[in-house]
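Structural characterization, general
So you can see what is in the structure, the chains are spelled out below.
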Amino acid sequence: QVQLVESGGGLVQPGGSLRLSCKTSANIFSQYLMGWYRQAPGHQRELVAVITSRGLTNYADSLKGRFTISRDNAMNAVYLQMNSLKPEDTAVYYCNANHTFWGLVYWGQGTQVTVSS
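Summarised in this report is the structure supplied together with it. Residue positions are given per chain, counting from 1 as you read along its sequence in written order. Note on the predicted model: pLDDT of at least 70 is required for a residue's local features to be given, and 80 or more for side-chain atom pairs to be given and counted; whole-chain, interface and lining totals, by contrast, use all residues. Heavy atoms from the whole structure form the basis of all side-chain values; hydrogens and water molecules are not counted.

What about the state of the cysteines?
A covalent bond between the sulfur atoms of two cysteines is referred to as a disulfide. Cysteine sulfur atoms that pair up within 2.5 Å are treated as a disulfide. In this structure the tally under the stated criterion is one disulfide. The side chain of cysteine 22 participates in a disulfide bridge whose partner is cysteine 95; the two sulfur atoms lie 2.1 Å from each other. Across the S-S bond of cysteine 22 and cysteine 95 the torsion is about -85°, and the bridge reads as left-handed. Of this pair, cysteine 22 sits in strand S3 (residues 18–24) while cysteine 95 sits in strand S9 (residues 91–99), and the two are 73 residues apart along the sequence. Burial classification: accessible surface area is computed with a 1.4 Å probe over protein chains only, and a residue below 20% of its type maximum counts as buried, one above 50% as exposed, and the rest as partly exposed. According to the relative accessible area criterion, cysteine 22 is buried, its value standing at 0%. Where helices and strands are cited, they refer to DSSP runs of H or I of at least four residues and of E of at least two residues respectively, numbered from the N terminus.

A word on the packing of aromatic side chains
Aromatic contacts are taken between Phe, Tyr and Trp rings whose centres are within 6.5 Å, Trp giving its six-membered ring; a plane angle under 30 degrees counts as stacked, one over 60 as edge-to-face, and the others as tilted. Tallying each qualifying case throughout the model produces three aromatic pairs. When the ring of tyrosine 37 is compared with that of tryptophan 107, the centres are 5.1 Å apart and the planes differ by 65°; the resulting orientation is edge-to-face. Separated by 70 residues along the polypeptide, tyrosine 37 in strand S4 (residues 33–39) and tryptophan 107 in strand S10 (residues 104–107) bring together distant segments of the chain. The exposure class of tyrosine 37 is partly exposed, given its relative accessible area of 21%. Exposure remark for tryptophan 107: the relative accessible area of 39% places this residue in the partly exposed category. Positioned above the aromatic ring of tyrosine 79 is the side chain of arginine 19, whose terminal nitrogen or guanidinium carbon lies 4.1 Å from the ring centre. Criterion for a charge above a ring: Lys NZ or Arg CZ within 6 Å of the ring centre, and within 35 degrees of the ring normal. The ring of tyrosine 94 has arginine 45 lying over it, and the distance from NZ or CZ to the ring centre is 3.7 Å.

Focus on the side chain of threonine 111
Looking at the secondary structure, you find threonine 111 in strand S11 (residues 111–115). Given the relative accessible area of 9%, threonine 111 is considered buried. Throughout, a contact is declared for two residues whenever any of their heavy atoms are within 4.5 Å. Here threonine 111 is in contact with Glu6, Ser7, Gly8, Gly9, Leu20, Ala91, Val92 and Tyr93, once residues within four sequence places are set aside.

Topic: the pattern of salt bridges
Salt bridges are defined as contacts in which a side-chain nitrogen from Lys or Arg sits within 4 Å of a carboxyl oxygen from Asp or Glu. What the rule picks out here adds up to four salt bridges. In this structure, arginine 38 engages aspartate 89 in a salt bridge whose closest nitrogen and oxygen atoms are separated by 2.9 Å. With arginine 38 in strand S4 and aspartate 89 in the loop between strand S8 (77–82) and S9, this pair connects stretches of sequence that are 51 residues apart. Owing to a relative accessible area of 8%, arginine 38 belongs among the buried residues under this scheme. Here aspartate 89 makes a salt bridge to arginine 66, at a shortest N to O gap of 2.8 Å. Of the two residues, aspartate 89 is situated in the loop between S8 and S9 and arginine 66 in the loop between strand S6 (57–59) and strand S7 (67–72); the sequence distance between them amounts to 23 residues. Take aspartate 89: its relative accessible area is 0%, and that puts it in the buried class. Salt bridges here are not isolated pairs; linked through shared partners, they connect Arg38, Glu46, Arg66 and Asp89.

In structure tokens form, the structure reads like this:
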């Protein structure tokens with residue numbers, strides 16, 4: 001069973017930055033498509049960013065230029081650098097691993113990000 005553990009969330013003022021980390025137990029981590037999703041109160045869970053095993057990325061249009069996803073295959077980890085945070089970024093952020101070849105999907109427990117003055 002692949003485990004995903006997010007960390008790095010917390011309270012930050014508007015305009016501030018946070019770096020989220022997702023550490024996995026996957027021995028074949030490099031084969032997974034990794035992503036960050038978020039869910040705000042009263043909203044559906046939405047895609048934030050994804051990164052392929054080779055480092056190709058895609059972002060939600062509204063987040064381009066502010067958020068950066070990266071991965072370290074040697075450390076079995078994926079990161080989300082969040083800059084210029086806005087109150088509307090407040091949500092629980094979830095790490096996702098998707099081994100599309102085998103149809104395996106895993107989710108972390110989520111980490112709370114609150115942007116407020």
